[in-house]
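Summary of the model geometry
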Amino acid sequence: HQNCVEDIKSAQSTISTNEEKKAEAEVAMSDAQRSLNKYEEKTTHLRNAASVKTQQAQTHLLESQTNLMKVEKDRRDGMSRVAEMESEIRATEARIEQEEVDAHNQVEAMIAQ
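Okay, so let's go over this structure. (Residues numbered from 1 in each chain as written. Predicted model: local features only at pLDDT ≥ 70, side-chain atom pairs only at ≥ 80, totals over all residues. Heavy atoms only, no water.)

1. Observations regarding the overall build of the protein
Regarding its fold elements, the protein presents one helix and zero strands. Relative to the compact-globule value of 13 Å for 113 residues, the protein shows a C-alpha radius of gyration of 48 Å, a clear excess of over 25%. The principal-axis extent of the C-alpha atoms belonging to the protein is close to 165 × 10 × 10 Å. With the model as given, the accessible surface of the protein reaches about 10400 Å², and the carbon-plus-sulfur share is 56%. Distance between charge centres in the protein, computed from 15 positive and 22 negative side chains, equals 10 Å. (Helix = DSSP H or I, 4+ residues; strand = E, 2+ residues; numbered from the N terminus. Rg over C-alpha atoms; globule rule 2.2 N^0.38 Å. Areas by Shrake-Rupley, 256 points an atom, 1.4 Å probe, with all protein chains shown as cover. Lys, Arg positive; Asp, Glu negative; His and termini not counted. Charge placed at Lys NZ, Arg CZ, Asp CG, Glu CD.)

In structure tokens:
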């Protein structure tokens, strides 16, 4: 009978020790789960922040490309206007030269009369 009582006390002690270890493991598991949740939240936040920054960068890139296209169009239009004005200048110079020749010829004709 004494052996049975000792076995029961030993078993109860073992059960008590195991219950304490179980409680410690549950606390450790709970801490680990909180830590995991914290890291997952940080990761999600960082991913979202990176996504926002990427989207902002893409928006700025598109705006810059649009502005560049406008500037290039303005430059082409400006170059076209310059070419037109140069053509007008050449035509005006040619008319002036012709008028000078005509005026000279008229003076020559008047002198010859």
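2. Concerning a negative patch on the surface
On the surface, Glu93, Glu97, Glu99, Glu100 and Asp102 cluster together into a negatively charged patch. Structurally, Glu97 can be placed in helix 1 (residues 2–112). For Glu97, a relative accessible area of 52% gives the class exposed. (Patch = residues over 30% accessible without salt bridge, like charges linked within 9 Å, V, L, I, M, F, W, Y side chains within 5 Å. Salt bridge = Lys/Arg side-chain N within 4 Å of Asp/Glu carboxyl O. Buried < 20%, exposed > 50% of the residue type's maximum accessible area, 1.4 Å probe, protein only.)

3. Looking at the pattern of salt bridges
A full pass over the atoms with the stated rule returns three salt bridges. Across the pair Glu26 and Lys22 runs a salt bridge, and its minimum N-O distance is 3.9 Å. In this pair, Glu26 and Lys22 both sit in helix 1, four residues apart, roughly one turn of the helix. Judged by its relative accessible area of 43%, Glu26 falls in the partly exposed class. We note a salt bridge from Asp31 to Arg34, for which the minimum N-O separation is 2.2 Å. With Asp31 and Arg34 both in helix 1 and three residues apart, this pair spans about one turn of that helix.

4. So, the environment of Arg47
Position of Arg47 among the secondary structure elements: in helix 1. Among the residues examined, Arg47 registers a relative accessible area of 60% and is labelled exposed. In the structure, Arg47 is positioned 54 residues away from Val101 in sequence and 80 Å away in space, judged by C-alpha atoms.

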